[in-house]
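Close look at the chain arrangement
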Amino acid sequence: MRKCLLYLIFAFLSFTSLAQNKTITGKVISSEDNTAIPGVSVLIKGTIKGTSTDASGAYSLEAGPGENVLVFSFIGMLTQEIVIDNQTVIDVTMKPGAELLNEVVVVGYGTEQKILLTGSVGVLKSEAIKDLPVPSVDGVLQGQVAGVQVSQNSGTPGGGMSVRIRGISSIGANNQPLYVIDGIPVTTGDFAQVGYEGQGINALNDLNPNDIETMSVLKDAAASSIYGARASNGIVLITTKRGKVGKPVVSFNAYAGVQQVWKRLDMLNAKQWMDYRNDLVPGTYSQSDMDNIKTDTNWQDQIFRTGPIQNYELSVQGGTERSKYFVSGNYFDQEGTVIGSAYKRFNTRLNLDTKVSDRFNLGVSIGLTNSTTNRIEGDASLHGPLPNGISTPAVFPVYNPDGTYNQDGPYSNPVSIANGAINQNFTFRTLANVYGEYKILKGLTFTSKWGADFYNLREHAFEYNTVQGQKYNGLGFETYSNVLNLVSNNFLTYVKSFGKHNFEAMGGYSFESKTTRTSFIRAQDFADANLQYINSASTIVSASSSGLDTGLRSFFGRVNYNFADKYLFSVSGRSDASSFFSPQNHSGFFPAASAGWRISEEEFMKSVTPISQLKLRASYGLTGNNDIPPFKYDGQYGTGSYGGKPALIPSNPPSDLKWEATAQLDVGLDIGIIHDRVLLTVDYYDKETSGLLLDRPVPPSTGYTHYLSNIGELQNKGLEFSVQSQILTGELKWNTSLNLSFNRNKVLKLYNHVPIDNLGRGSNRVEEGQPLGIFYSYKSLGVNPSTGDIVFQDTDHNGQITTDDRTKIGDPNPTYTGGFTNNFAYKGFDLAIFLQFSYGNNIFNGSRLFLESLQRGDNQTTAVLRRWEKPGDITDIPRATTDPVAAADNVRVSSRFIEDGSYLRIKNVTLGYTFGRNQL
C-alpha cells in the first residue's frame, strides 16, 4: 500500500512538472536563401533564460508557466517575437533587419541611410559612451573612431585635449575639428587669460557625455564640405537624446572611483643627493653630515594623492505621439592626483519636441552648465607644485619646527604653492536652440533652426603667503571672458522617387554672429591674506579689455541620387563669406562629389552567400580653414605711448590673405559577412592643403619683422580599418570592435624653401619633404669614457659642433593608432574591456633636461647614479660638472632626451549585471 502511494505521488509530481514546463524546438532559416542561421539568440521574453541555434539552425529550450513569448534576434536580421501558446515546434524565417537597412546616420543638415552613404563617416552611439568615465566630449572619442587621434594636453582635471582627424591640416591655423551640437556650431577652445603652462580650460567640458545619443565624425570631403570654410579639420556632429513615445522612463546612473599616478619618477634620496653634490662641488657635505641625515623627504608623496572621482546623473524621457520630452541632470566631481587641482560640474538639459499639426513640428533644447576648476601651474613654470616637487632635494623638510612652510630649497615649497595659491575658474554656459519643421508639400520640407551659445568664464587668482605672493606683498588676478555665438540655419529638403530613381535635394542659408568681450586686471600690495579681491589692492599693475565681433554668411546645398538603391551619387557645396578675410577674398566655394556602388545588390553576387553587404565608394572635394587670428588682412595698430602721450603703433601690415584649402580624395570599401556578423570598413585617403597661412619674414627696415601670408603646402595620406564582429552569439556572447589608422604627414612647400626652426621646447622643425614637427637638433653619440663629456655627431665633418650639425633626431607622428573594445555577456552578466594604443612616435622628455642636468642644486633622478666618475667608465650619463662648456652640453637638446612614445593602455573595464523582470 505504501509502495502504491509512492507511485501515485511520483506520477502526480511528474504530471505537474509536465504541466508547468514545456520544451520548444525548431529551426531558424534566412528568407533570402533559405539557409540555416547559426548563432541566433532565442530568449524567453522578460527573463534571462535562452539559448542559441546550432550549426544547422536548430534550437531547443524549456519554457515555464507564464513564459509565453519567444524573442529571436540576430545581427543584421529583423528581431521577431512569437507567442508560444500550445506550440511545441516553432520554425522561424528571419528577414534582413529593417532597422539595420534603415539605420540612419546624422550628416550635415540632415540624415542619410547608412547603406546609401557615399562619404566617410565614423559613428559612435550612446551604448559605447555610457560606461566611459570621462568628463568631456573629446575624451569620449579617444580610440573609438578610425582616423581620430586624441591626446591629453595636461593632467589638469577639466583640461583640454587635442583632437586630430586624419592628421594635421594646417601649420599656422587651428587644427581642432568643428563641433556641432544638435545642428548648431558651438564655441570651443581655451579662453583663459591667466597662463598656467598648458593647464588650459576646455570649453567642451560643458556638455555631459551621457546626454549624447550619437556622434558622427565627418572625415572626407564628401561628408564634411557642407560645412565649407571650417571643414578641413573634420566635423564632429553631436546629437543629444530626445524623448520617445511611451510611459516615462527614469534612468539613474552613478559611478565612483579613485585615480592614482601610475608611475612615479625615481628620485635621489637625501644621501644619494649629498653624494652627487660632493661630486659636483667637493666638500659640500662632510661624512658626518651624510651619516646623520635628519631629513629625507619624499616630495612625490607630498604632492601626489589618491584623487576621488564621482558622477551622478538622473534623466527622464517619454511622451506621446504629439509631445516628447527628455530631461536630465548631472553632477560630476573630480579631484586631481596633484594636490590643489580639482574640477566640479553641474549640468541640466531639457529637450522638447511637439507635433503641432500633421505638417508642423516644433522643438526646443536648453542646456545649462556651471563648473568650477582649480588649476595649478604646469611643468614649464618655476612656481608649479609638480616641477618644484621633483626638483626639490630630499634634504629639505616640508615644514619648519614652528609649523610654517620651509622655503630653504632651490625653489618655492611645492606644498605651500598647492595649498596657498588660489587659482579658481568659474564657468557658466547656456546652449539653447529652437527649431521648426514645416511640410510644405509631399516630400518638400522647410526647416529653420536658431541657436545661441553663451559662454562666460571668470578667473580668480590670489597669492599672499607663498614665496611669489610675498614677493609682491600679495598678488591677484581677475579676468572675465564672455562669448556669445548666434546661429541661424534655414534650409529646404525635397525627397522624390520615380520607380527605381530616388532623388533628394537640400539647399539653404545660414549666418553666424560672434561677439567676444574680455577684461583683465592684475594687482599687488594687498592689505591682508583674507582680502583677496582687487579692491583690497593698493597697486593696479595692469588692466585691459578687448572686444571682437566676427561673422560668417553661407549658402549650402546637396543633391543625392541613387538608382535602385544600387548606384549612388552625391554632390554638395558651400559658399562661405567670412569677416576674417579682405573684401576681395572674403568668399570661398567648397564643392565635393562622391559615388557608391552596392556590389552586393548585383545578380552575380546573389550566389556569394557569405557576403551580405559589399559597397565601394569614392569621393573628392575641397574644404577650408578660417580659424586664424581675425582681420590680419588689414593694417593693424597697437596702443602705447610716445613722449608721455597716447600713441598708435603699427603692429601688422596689410596683406592679401586667402583661404587655406584642403583637397581630399577618399576611396572606401564596406563589407558585411555572414548576415553582417562581421562588418569591415577600409578607407584610403589623400588630402593636400594649399595656401597655408604662415608668417613671411620681411626686412626690419619696413618697420615689421613678418606678416601673415599664404605660402605653404601640406599633405596627409593614410589607411583606416574598422572591424566589428560577433564572435560568440550563444549563451556566452562576445562582440569586438577594432579600429586601426595609418597616417603619413609631409610638408610639401614653404616660403623660399626655408624651414621653420626651433619650435617648442623639443626643437621641433617644419621642413619641406619631412613630417610636420620633426625633432631637429644634435645627435648624441654617448659619453666619452676618457673625459665623461657628452659627444655629439659632427654632421658636416668640419671638426666643430655648430648649429650646422643639427639633424633629424625623432618624429612625433605615430606610425599607427587605434582602439580595441571587447564586450562579453553571459546570462545577466556583462563585461566590457576597452584598450587604446599608439605606436611609432617619439616624444621629447623635457623633464630629463633638468633632472639629469648634473650641474645645479636640483634633485636628480636615480639615472645619475650611473654617471661617469673616473676615466674608463662606460656609461650613458655624463659627469657632474660646473665647467660651463660641459654643463651646457649636459642640457643641450639632443637625441639623448628623445624617447619612444608607443603605448598600449587599458582605458576602461566595466563589469555589470542586469536583473530580469522576474528577479525584481
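What you see is a predicted model; the values in this text were computed from it and never measured.

Another point: the overall build of the chain. Of the regular secondary structure elements, the chain holds 13 helices and 46 strands. Scaling as 2.2 N^0.38, a compact globule of 920 residues should have a C-alpha radius of gyration of about 29 Å, and the chain matches this with 32 Å. Principal axes of the C-alpha set define a box for the chain whose edges measure 105 × 90 × 65 Å. Here the chain holds 920 residues, and the buried ones make up 47% of them. Partitioning the intrachain contacts of the chain with sequence separation of at least 6 by distance along the chain shows that 67% fall at a separation of at least 24. Counting 79 positive and 86 negative side-chain charges, the chain places the centres of these two groups 6 Å from one another.

Attention now moves to empty space enclosed by the protein. Inspection of the entire model under this criterion finds seven cavities of 30 Å³ or more. Computed from the structure, the largest cavity encloses a volume of approximately 140 Å³. Surrounding the largest cavity, 16 residues form its lining, Asp 206, Leu 207, Arg 349, Thr 369 and Leu 431 being those nearest its centre. Taken together, the residues that form the lining of the largest cavity break down as seven nonpolar, five polar and four charged. Put simply, the second largest cavity is a space of about 100 Å³. What lines the second largest cavity is simply Val 107, Gly 108, Glu 112, Leu 117, Thr 118, Gly 119, Ala 222, Ala 223, Ile 226, Arg 558, Ser 570 and Ser 594. Here the residues of the lining of the second largest cavity are counted per class, giving five nonpolar, five polar and two charged.

With mixed pairing, five strands are arranged side by side in an open sheet as β10-β15-β16-β13-β14. For this open sheet the edge positions go to β10 (121-125) and β14 (184-185), each flanked by a neighbour on one side alone. Of the strand pairs in this sheet, strand β13 (residues 178-181) and strand β16 (residues 235-240) are connected by four bridges, and their pairing is parallel. Bridge pairing in β16 links Leu 178 to Ile 235.

So, about the side chain of Asn 208. Residue placement: Asn 208 occurs in the loop between β14 and β15 (212-218). A polar contact is formed between the side chain of Asn 208 and the side chain of Glu 313, at a distance of 3.3 Å. Filtering out sequence-adjacent residues up to four positions away, Asn 208 remains in contact with Glu 313, Asn 330, Arg 345 and Asn 347.

When you tally the buried positions in strand β12 (residues 161-165), you get four out of five residues, the bulk of the element. Across five bridges, strand β11 (residues 148-152) lies against β12 in antiparallel orientation. Following the sheet pairing, Ser 151 is matched in β12 by Ser 162.

Let us now look at the packing of aromatic side chains. Here the structure, examined in full by the defined rule, presents 26 aromatic pairs. Each ring, one from Tyr 509 and one from Phe 555, has its centre 5.0 Å from the other, and the planes form 45°; the classification is tilted. Placement of Tyr 509 in strand β25 (residues 501-526) and of Phe 555 in strand β26 (residues 537-563) is noted, with a sequence separation of 46 residues between them. Judged by centre distance (5.4 Å) and plane angle (20°), the rings of Trp 734 and Phe 824 are stacked.

Looking now at the sheet that holds strand β36 (residues 756-759). Strand order in this open sheet of four strands is β36-β37-β38-β41, and the pairing throughout is antiparallel. Each edge of the open sheet is held by one strand with a lone partner, namely β36 and β41 (807-810). When strand polarity is set aside, the average angle formed by the axes of neighbouring strands in this sheet is 45°. Note: β36 against strand β37 (residues 764-766), two bridges, orientation antiparallel. In the sheet register, Leu 759 faces β37, and the bridge partner there is Asn 764.

Turning to the environment of Val 258, a few remarks are in order. Inspection of the secondary structure assignment puts Val 258 in strand β17 (residues 246-259). With a relative accessible area of 58%, Val 258 lands in the exposed category. Not counting residues up to four positions away in its chain, the partners in contact with Val 258 are Thr 306, Gly 307, Pro 308 and Ile 309.

Here the chain averages 87 in pLDDT, and 93% of its residues register 70 or above. Element-level pLDDT for the chain is lowest in helix α1 (residues 2-20), with a mean of 41, against a maximum mean of 96 in β41. Low pLDDT (under 50) marks residues 1-19, which in the prediction has zero contacts with non-local residues, meaning those over four places away or in another chain.

Below, the discussion takes up the nonpolar core. By size, the foremost hydrophobic cluster in this structure holds 24 residues, and its most contacted members are Leu 141, Val 148, Tyr 179, Met 215 and Ile 238. The contact partners of Tyr 179, leaving out residues within four places of it in the chain, are Val 137, Asp 138, Leu 141, Val 163, Ile 184, Pro 185, Val 186, Thr 188, Leu 204, Val 236 and Ile 238.

Moving on, we get to unusual backbone geometry. Backbone geometry places Asp 565, a non-glycine residue, at a positive phi of 55°. According to the relative accessible area criterion, Asp 565 is partly exposed, its value standing at 31%. In the Ramachandran plot, Asn 758 falls in the positive-phi region, its phi being about 55° despite a non-glycine side chain.

For the rest of this paragraph, the subject is the environment of Val 434. Mapped onto the elements, Val 434 comes out in strand β22 (residues 422-441). Owing to a relative accessible area of 38%, Val 434 belongs among the partly exposed residues under this scheme. Other than its neighbours up to four places away in sequence, Val 434 contacts Leu 362, Gly 363, Val 364, Ser 448, Lys 449 and Trp 450.

Right, let's talk about the environment of Gly 672 for a bit. Along the chain, Gly 672 turns up in strand β32 (residues 660-673). Along the chain, Gly 672 and Lys 615 lie 57 residues apart, while their C-alpha atoms are 9.1 Å from each other. When near neighbours in sequence (up to four residues on either side) are disregarded, Gly 672 contacts Pro 610, Ile 611, Ser 612, Gln 613, Val 678 and Leu 679.

On the surface, Trp 597, Phe 604, Leu 616, Tyr 620, Leu 665, Val 667, Tyr 684 and Leu 719 cluster together into a nonpolar patch covering about 690 Å² of accessible area. Elements represented by at least two residues in the nonpolar patch include exactly β29 (611-625) and β32. Exposure remark for Tyr 684: the relative accessible area of 33% places this residue in the partly exposed category.

This next bit is on the pattern of salt bridges. Within the structure shown, the criterion is met by 36 salt bridges. The partner of Glu 81 in a salt bridge is Lys 45, and the shortest N-O contact between them spans 3.0 Å. Separated by 36 residues along the polypeptide, Glu 81 in strand β6 (residues 80-83) and Lys 45 in the loop between β2 (41-44) and β3 (50-52) bring together distant segments of the chain. Residue class for Glu 81 comes out partly exposed when judged on its relative accessible area of 49%. For Lys 45, a relative accessible area of 45% translates into the label partly exposed. Of the charged contacts, one joins Asp 670 and Lys 615 as a salt bridge, the two residues approaching to 3.7 Å between their closest N and O atoms. Of this pair, Asp 670 sits in strand β32 while Lys 615 sits in strand β29, and the two are 55 residues apart along the sequence. As far as the burial class goes, Asp 670 and Lys 615 line up, both buried. Among the ionic contacts, a cluster of salt bridges with common partners joins Arg 166, Lys 219, Lys 615, Arg 617, Asp 666, Asp 670, Asp 683 and Glu 720.

The subject of this paragraph is the side chain of Ser 448. Turning to its location among the elements, Ser 448 is positioned in strand β23 (residues 444-463). Other than its neighbours up to four places away in sequence, Ser 448 contacts Val 434, Tyr 435, Gly 436, Asn 489 and Asn 490.

Calculation rules
Residues numbered from 1 in each chain as written. Predicted model: local features only at pLDDT ≥ 70, side-chain atom pairs only at ≥ 80, totals over all residues. Heavy atoms only, no water. Helix = DSSP H or I, 4+ residues; strand = E, 2+ residues; numbered from the N terminus. Rg over C-alpha atoms; globule rule 2.2 N^0.38 Å. Buried < 20%, exposed > 50% of the residue type's maximum accessible area, 1.4 Å probe, protein only. Contact = heavy atoms within 4.5 Å. Lys, Arg positive; Asp, Glu negative; His and termini not counted. Charge placed at Lys NZ, Arg CZ, Asp CG, Glu CD. 1 Å grid on protein atoms, 1.4 Å probe; cavity = no way out; pocket = protein on both sides within 12 Å on 5 of 7 lines; lining within 4 Å. Points joined across faces, edges and corners; volume = space filled by probe spheres on them. Nonpolar A, V, L, I, M, F, W, Y, C, P; charged D, E, K, R; others polar. Pairing = 2+ DSSP bridges. Polar contact = N/O pair within 3.5 Å; in protein donor to acceptor, adjacent residues only side chain to side chain. Phe/Tyr/Trp six-rings, centres within 6.5 Å; stacked < 30°, edge-to-face > 60°. Axes fitted to C-alpha atoms, helices over the stretch in contact; angles between N-to-C directions. pLDDT = per-residue confidence, 0-100. Core = buried A, V, L, I, M, F, W, Y, C linked by side-chain atoms within 4.5 Å. Patch = residues over 30% accessible without salt bridge, like charges linked within 9 Å, V, L, I, M, F, W, Y side chains within 5 Å. Areas by Shrake-Rupley, 256 points an atom, 1.4 Å probe, with all protein chains shown as cover. Salt bridge = Lys/Arg side-chain N within 4 Å of Asp/Glu carboxyl O.

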